[in-house]
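Residue-level structural notes
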Amino acid sequence: MNFLETIFQNLAELSDKPVLYEVREGRMVPTTARELSALIAAARKTLRRHGIQAGDRCVLLAPNSIQWVALDLAIMAEGGIVVPLYSRQAPEELAAMILDCEPALVCCGSAELREAVLSRCPEELPCLLLPEMLAGSGDEGLPDLPAARPGSDVVTIIYTSGTSGDAKGVMLTLSNISFMLNPTCRRLDELMADVTKTGDDRVFHYLPFCFAGSWILLLTCLHRKTPLMISTDLNRLADELKVAAPHYFLNVPALLERIRNGVQTQLKEKGGIGLTLFRNGQSAWLRKQQGGARAIDWLWLFLASKLVFSKIRAKIGPNLRALICGSAPLAEDAQLFFQMIGIPVLQVYGLTETTAICTLDDVHDVTVGRVGPAIPGIEMKLGRDQEILVRGPNIFPGYWRRPEATAEMIRDGWLHTGDQGEVDEKGNWKIVGRIKNLLITSGGHNVSPEPLEQRLQSALPQAEHVMVVGNNRKFLCALVTGKHAEADVHKAVEELNRQLPHYRQIRRFLLCQEPFTPENGLLTANRKLKRAAIEARYRRELDELYREAEDRAGAASPSRS
């Protein structure tokens, strides 16, 4: 039985039990299995009425919602191919993706979104709003079983982030998804072993379903019969988390960094005994991890755990068993912070091309700074320049209508990830950086920018983004966004440089007033840096900064432009 058949069977069995919630205005609004089935049936009827056939591409352009889930399942059940797009991405980029996949139908979340995107398409495309797709759902019964289709059938085309060029459509098959849901289900069963005996997991979700990892979590919950609580307002995320009180939820590193920095800032502002206990408890905990505990450390740890760490943990989430983190490596000090207060962070590594996942942290054996072992059934090894190579049932069949790009990505049966990595004796992987992002200075030194960016951003709580540049330049420079004082950035750069060899030191920094966002084209849809676009946007300022440095040849202390 494939994953889609299992989900439909689960919906039939669960009947009046809630399977999804929308967190709205301080309360959770449930949708039962029967209600979701009715929405799916209505959507399938609409798809048939508009002539959607097996293999047709249907664009799904809307924020997360119950309706999004129903339409996603309906398109796949009819034999179609879902093309989910990020509704907050730049309209020009969205239009390019829509034209690339040549859809039979575009499903939009709002009239405003339809106008903003489709007005940029040179030809008129059939488009319906989500309420139109689901009209008449109250009269529908259980939907028909999903259309029979082979495992090799493509069920979705997910466009990659496009950090170094135009986005490419990653095709994923029925077999890819069915394979991937087995290890994700097993890992969550391990995490929640004692809870699922007495009740359901509490799973909160805020990341857009159009991202591969986010979508896999949605399908995993439906596969495990676990209700999913869907965020509806990112501006009220903290309030929604209080209402949801989850056992776990999927994150990107930026949010975990923000939570940690927020906690530390509040402690500093309040000062007093709480700050003293936190700092002494943190120092004692770190010494214990490093095997250098002092005699008095047990007392500091006891007091800090009882009076400070437990309160921080309760405020973040009283029921939290773990935080799951993916999309980019998490800074080690951030992972240590959550481990210290009693909330383990389980890291996940993968690409859209690997059906979102290659490795999963072992629930019972987490190594800080690493992303866990390869999931059972796939192989991983290091190639040239420490590039991570992967093969197995999770590997995508190719890019949509881009055979040359596919051949470049998959060679001799191995998918070339473009990520640099290392693996320890226990099989736990560490992501070092991106090969394509590697900076080669004019002095011939190779520098991975990501570790420097992580360390500098950790030292600057108010920094929203940090990007290091310096390819073909004499030295490295950092671009920094966010609300922070120039003196604080100067101090953080100086402190970082003291720990680095000369060729990895950051000699200048540039304060950027404009934030990096998907809307202005400086971040990808899943909020990764568009390095080429950012460097092009600030080319004039960077050239001026480097010219100034030439005039001050020999200056070694960091300064700003």
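Please refer to the structure placed before this passage.
Note that this is a predicted model, so its numbers are computed, not measured. Throughout this description, residue numbers start from 1 for each chain and increase along the sequence as written. Where local features are concerned, this predicted model is filtered to residues with pLDDT of at least 70; where side-chain atom pairs are given and counted, the filter is 80 or more; whole-chain, interface and lining totals use all residues. Hydrogen atoms and water are omitted, and side-chain values are computed over all heavy atoms in the structure.

The method works on a 1 Å grid over the protein atoms by themselves. A cavity is a set of points holding a 1.4 Å probe that cannot get out, a pocket is an open set with protein on both sides within 12 Å along at least five of seven lines, and residues with an atom within 4 Å of a point line them. Grid points are joined across faces, edges and corners, and a volume is the space filled by probe spheres set on the points. Counted by the stated rule, this structure contains one cavity of 30 Å³ or more. The calculated volume of the largest cavity comes to roughly 40 Å³. Considering the residues around the largest cavity, the lining is formed by Ile7, Asn10, Leu11, Leu14, Val19, Cys221, Leu222, Lys225 and Thr226. Counting from the N terminus, the helices are DSSP H or I runs at least four residues long and the strands are E runs at least two residues long. Elements with a contribution of two residues or more to the lining of the largest cavity: α1 (3–14) and α8 (212–224). Each residue gets one of three labels, nonpolar for Ala, Val, Leu, Ile, Met, Phe, Trp, Tyr, Cys and Pro, charged for Asp, Glu, Lys and Arg, and polar for the others, Gly among them. Here the residues of the lining of the largest cavity sort into six nonpolar, two polar and one charged.

Residue position: arginine 57 is located in strand β3 (residues 57–61). A relative accessible area of 13% places arginine 57 in the buried class. Between the alpha carbons of arginine 57 and proline 103 there is a distance of 4.6 Å; along the sequence they are 46 residues apart. Contact definition: two residues touch when any of their heavy atoms are within 4.5 Å. Filtering out sequence-adjacent residues up to four positions away, arginine 57 remains in contact with Ile81, Val83, Cys101, Glu102, Pro103, Ala104, Leu105, Ile157, Trp400 and Arg401. A polar contact is formed between the side chain of arginine 57 and the backbone oxygen of glycine 55, at a distance of 3.1 Å. From its side chain, arginine 57 meets the backbone oxygen of cysteine 101 in a polar contact 2.9 Å long. Per-residue accessibility, obtained with a 1.4 Å probe over protein chains only, is compared with the maximum for each type, and a residue is labelled buried under 20%, exposed over 50%, and partly exposed between these values. Contacts described as polar in this section are N or O atom pairs within 3.5 Å, which, within protein, must combine one atom able to donate a hydrogen with one able to accept it, while residues neighboring in sequence count only if both atoms come from side chains.

This next bit is on the layout of surface pockets. Put simply, the second largest pocket is a space of about 1,200 Å³. Around the second largest pocket sit 46 residues that line it, and Arg260, Asp333, Arg455, Ser458 and Ala459 are the ones nearest its centre. Those elements that place two or more of their residues in the lining of the second largest pocket are α10 (253–270), α11 (272–289), α13 (332–340), β20 (429–434), α15 (449–459) and α16 (486–497). Its residues placed into classes, the lining of the second largest pocket shows 21 nonpolar, 11 polar and 14 charged.

Side-chain atoms within 4.5 Å are what join buried Ala, Val, Leu, Ile, Met, Phe, Trp, Tyr and Cys residues into a set we call a nonpolar core. Membership of the largest hydrophobic core comes to 125 residues, with the highest contact counts inside it found for Leu36 and Leu73. For this core, the element with the highest residue contribution is helix α3 (residues 66–77), accounting for 10 residues. Here leucine 36 is in contact with Leu11, Val19, Leu20, Thr31, Ile66, Val69, Ala70 and Leu222, once residues within four sequence places are set aside. Core analysis: the second largest hydrophobic core is formed by 25 residues, Leu61, Leu94, Leu129 and Ile157 among them.

Moving on: the packing of aromatic side chains. Each pair of aromatic rings taken from Phe, Tyr and Trp, with Trp reduced to its six-membered ring, is defined by centres within 6.5 Å and is described as stacked if the planes are under 30 degrees apart, edge-to-face if over 60, and tilted in the remaining cases. All told, the structure shown has 10 aromatic pairs when counted by the stated rule. Centroid distance phenylalanine 337 to phenylalanine 338: 5.2 Å. Interplanar angle 85°. Geometry classified as edge-to-face. In terms of burial, phenylalanine 337 and phenylalanine 338 fall into one category: buried. An aromatic cluster of at least three residues, connected via ring pairs, comprises Phe278, Phe309, Phe337 and Phe338.

Here alanine 41 lies in helix α2 (residues 33–49). According to the relative accessible area criterion, alanine 41 is buried, its value standing at 10%.

Here the focus is the packing of α3 against α8. Think of each axis as a best-fit line through the C-alpha atoms, taken over the contacting stretch in the case of a helix, with angles from 0 to 180 degrees between the N-to-C directions. Contact pair α3 / α8: the axes reach a minimum separation of 12 Å and the direction vectors enclose 85°. Of the possible angle classes, the one that applies to α3 and α8 is roughly perpendicular. Between α3 and α8, the contacting residues are Trp68, Val69, Asp72, Leu73 and Met76 on the first element and Trp215, Leu218, Leu219 and Leu222 on the second. Partitioned by chemical class, the residues of the contact of α3 with α8 number eight nonpolar, no polar and one charged. We call two directions roughly parallel when the angle between them is under 35 degrees, roughly antiparallel when it is over 145, roughly perpendicular when it lies between 65 and 115, and oblique otherwise.

A few words now on the sheet that holds strand β10 (residues 228–231). As a general point, the strands of a sheet are linked pairwise by backbone hydrogen bonds and lie either parallel or antiparallel. Strands pair, by our definition, only if DSSP identifies at least two bridges between them. An order of β2-β1-β10-β9-β11-β12-β13-β14 is seen for the eight strands of this open sheet, with the pairing classed as mixed. In this open sheet, the two strands that pair with only one neighbour each are β2 (27–32) and β14 (359–360). Bridge analysis of strand β12 (residues 323–325) against strand β13 (residues 345–349) gives three bridges, and the strand direction is parallel. The partner of isoleucine 324 across the bridge, within β13, is leucine 346. Along the sheet, α2 makes contact with β1 (18–24) and β2, crossing β2 at roughly 65°.

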